[in-house]
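# Observations on the three-dimensional arrangement
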Amino acid sequence: MEEVSNHSEAGWLAGGVQFHIPGNGGPGCVQFLSAGQRMAETVVFSLGSIFLLLWSYRALSPVQNMDAHVLDRTGKKSLLGLFGMVFGIEIGFKLATKQLIWLLNPCHMLSFIQLFLLVSPQTKVSTYLFRLHVYWLTGPLLALLFPVTNSLELPGEWSIYWVQHLMLLVIPLYLTRLGGQFNLDPLSDLAWPGLAFSLYSLYHWMVLQPIGLLTQTNLNNMICPAISDPFHGPHYRVVAMAHQTIMVPLVGKLYSVLAHWVLDTLNLNIIPGSSCKDD
């Protein structure tokens, strides 16, 4: 039974993870890479991420915080209700199947962050989280480009997958429209993408990997490659780090340009004259 489902003592956390589904986890997934290779990759990429974290944090541009526009709170509450319902259904699916552990995956953590941003007061914490999470949108983007839906079996689960990931890409556009604490970093600033990537990397190596190994669950494909991974092979994590080093800052900067272009083109800016610029 160990190859079919997770240990029964894992309970609601991971007791329902189906190991017979490729890419979900299990002993075969854990054995995909040798312990030596896992250790070497973890040490090298974790140390590199820590150095990048220290540099980028010291080089951060100052955060200017102003009140977000108050005349659009109806839209904000509506979006909060809709996204809260969608993500609530997703959590319900995880509870029903005893697979709450998947909520640790980056896209679900992004969902928690965006729900917080939709209710957050005017603080610099909101600005920090907003700026950083725009770079982490590479997660939902890749989830849409290379979807892994072979383990979605409950009615409606497939639809919620697509709606949730699409909303993750749309909500920052709406928050950018509000302005205030939801302001993006200058395009020429490299410290913010550096900080975002270092945190994103450390979360994978220091959080998802050890939990995944302990539970034999393939959290965000840190234990073995996804079935849709075009770089499937023994060095898939090295390749992933290489393309994510490019993707994380590129997606964040392009999203900033695209968001302001959409708002300007469709004349949706609440604050007159707001545009994407280096300041």
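Residues numbered from 1 in each chain as written. Predicted model: local features only at pLDDT ≥ 70, side-chain atom pairs only at ≥ 80, totals over all residues. Heavy atoms only, no water.

### Remarks on the overall build of the protein
The line we're drawing: Think of it this way: any DSSP run of H or I at least four residues long counts as a helix, any run of E at least two long counts as a strand, and we number them from the N terminus. For each residue, the accessible area found with a 1.4 Å probe, counting protein chains only, is set against the maximum for its type, and the residue is called buried under 20%, exposed over 50%, and partly exposed in between. Note on areas: Shrake-Rupley, 1.4 Å probe, and residue coverage restricted to the protein chains presented here.
A tally of regular secondary structure across the protein gives ten helices and zero strands. In the protein, the order of α-helices and β-strands from amino to carboxyl end is α-α-α-α-α-α-α-α-α-α. Within the protein, buried positions represent 47% of all 279 residues. Total accessible area on the protein stands at roughly 13500 Å², and carbon and sulfur atoms take up 70% of it.

### As for the environment of proline 193
This is how it is decided: We call two residues in contact when some of their heavy atoms are within 4.5 Å.
With respect to the helices and strands, the residue proline 193 is situated in helix 9 (residues 191–215). Taking the relative accessible area as the measure of exposure, proline 193 reaches 5% and is therefore buried. Separated by 133 residues in sequence, proline 193 and leucine 60 place their C-alpha atoms 9.9 Å apart. In this structure, proline 193 is in contact with Tyr135, Asp185, Pro249 and Lys253, ignoring residues within four places of it in sequence.

### Digging into the confidence of the model for the protein
Formally: The predictor reports its confidence for every residue as pLDDT, a score running from 0 up to 100.
Mean pLDDT over the protein: 88, with 90% of residues reaching 70 or higher. Averaged over each element, pLDDT in the protein is lowest for helix 1 (residues 11–14) (80) and highest for helix 9 (97). Confidence drops under pLDDT 50 across residues 272–279; counting only partners more than four residues distant or on other chains, this segment forms 13 contacts.

### Describing helix 4 (residues 73–96)
Heads up, the rule is: The span expected for a helix works out to 1.5 Å for each residue beyond the first.
Between its first and last C-alpha atoms helix 4 spans 34 Å; for 24 residues at 1.5 Å apiece the expected length is 34 Å, and the two agree. Taken residue by residue, helix 4 has Lys76, Leu79, Phe83, Val86, Phe87, Glu90, Phe93 and Lys94 as its buried positions. Of the surrounding secondary structure, the elements contacted by the buried residues of helix 4 are helix 5 (106–119) and helix 8 (157–178). Positive phi shows up at lysine 98, right after helix 4, with a value of about 55°.

### Describing the nonpolar core
Formally: To define a nonpolar core, start from buried Ala, Val, Leu, Ile, Met, Phe, Trp, Tyr and Cys residues and group those joined through side-chain atoms within 4.5 Å.
Membership of the largest hydrophobic core comes to 55 residues, with the highest contact counts inside it found for Phe130, Trp136 and Leu175. Elements represented by at least two residues in this core include exactly helix 4, helix 5, helix 6 (124–135), helix 8, helix 9 and helix 10 (236–265). Apart from the residues lying within four places of it in its own chain, the contact partners of phenylalanine 130 are Leu117, Pro172, Leu175, Thr176, Phe182, Asn183 and Leu184.

### Quick notes on the side chain of threonine 217
Among the secondary structure elements, threonine 217 is positioned in the loop between helix 9 and helix 10. Threonine 217 sits in the buried class, given a relative accessible area of 0%.

### Observations concerning helix 9
Quick reminder of the rule: A residue's bend is simply the angle between two axes: one fitted to the seven residues ending at it, one to the seven starting at it.
Here helix 9 spans 35 Å end to end across 25 residues, near enough to the 36 Å set by a 1.5 Å rise per residue. Considering bend angle alone, the principal kink of helix 9 is centred on leucine 208 and spans about 35°; proline proline 210 follows within four residues of it. Looking one or two residues beyond helix 9, the residue adopting positive phi is glutamine 216, at roughly 60°.

### Focus: the state of the cysteines
Selection rule: Any two cysteine sulfur atoms lying within 2.5 Å of each other are counted as a disulfide.
For the structure on display, the rule yields one disulfide. Each sulfur of the disulfide joining cysteine 29 and cysteine 224 lies 2.1 Å from the other. Linking cysteine 29 and cysteine 224, the disulfide has an S-S dihedral of approximately -100° and is accordingly described as left-handed. One end of the pair, cysteine 29, is in helix 2 (residues 27–30); the other, cysteine 224, is in the loop between helix 9 and helix 10, with 195 residues separating them in the sequence. As far as burial versus exposure is concerned, cysteine 29 and cysteine 224 are alike and both buried.

### What about the environment of glutamine 216?
Structurally, glutamine 216 can be placed in the loop between helix 9 and helix 10. Taking the C-alpha atoms as reference points, glutamine 216 and glycine 26, 190 residues apart in sequence, are found 5.1 Å from one another.

### Observations regarding the packing of helix 4 against helix 8
In plain terms, the rule: Axis lines are fitted to C-alpha atoms, over the contacting stretch for helices. Their N-to-C directions set the angle, which ranges from 0 to 180 degrees. Orientation categories follow fixed angle ranges, with anything under 35 degrees roughly parallel, anything over 145 roughly antiparallel, 65 to 115 roughly perpendicular, and all other angles oblique. Each helix crossing is assigned a hand: it is left-handed if the near helix lies turned anticlockwise from the far helix by less than a right angle, otherwise right-handed if that turn is clockwise.
In contact at an axis separation of 10 Å, helix 4 and helix 8 are set at 150° when each is read in the N-to-C sense. The angle between helix 4 and helix 8 falls in the class roughly antiparallel. Helix-helix and strand crossings are classified by hand; for helix 4 and helix 8 the assignment is left-handed. From helix 4, Gly75, Lys76, Leu79, Leu82, Phe83, Val86, Phe87, Ile89, Glu90, Phe93 and Lys94 reach across to helix 8, where they touch Glu157, Ile160, Val163, Gln164, Met167, Leu168, Ile171, Tyr174 and Leu178.

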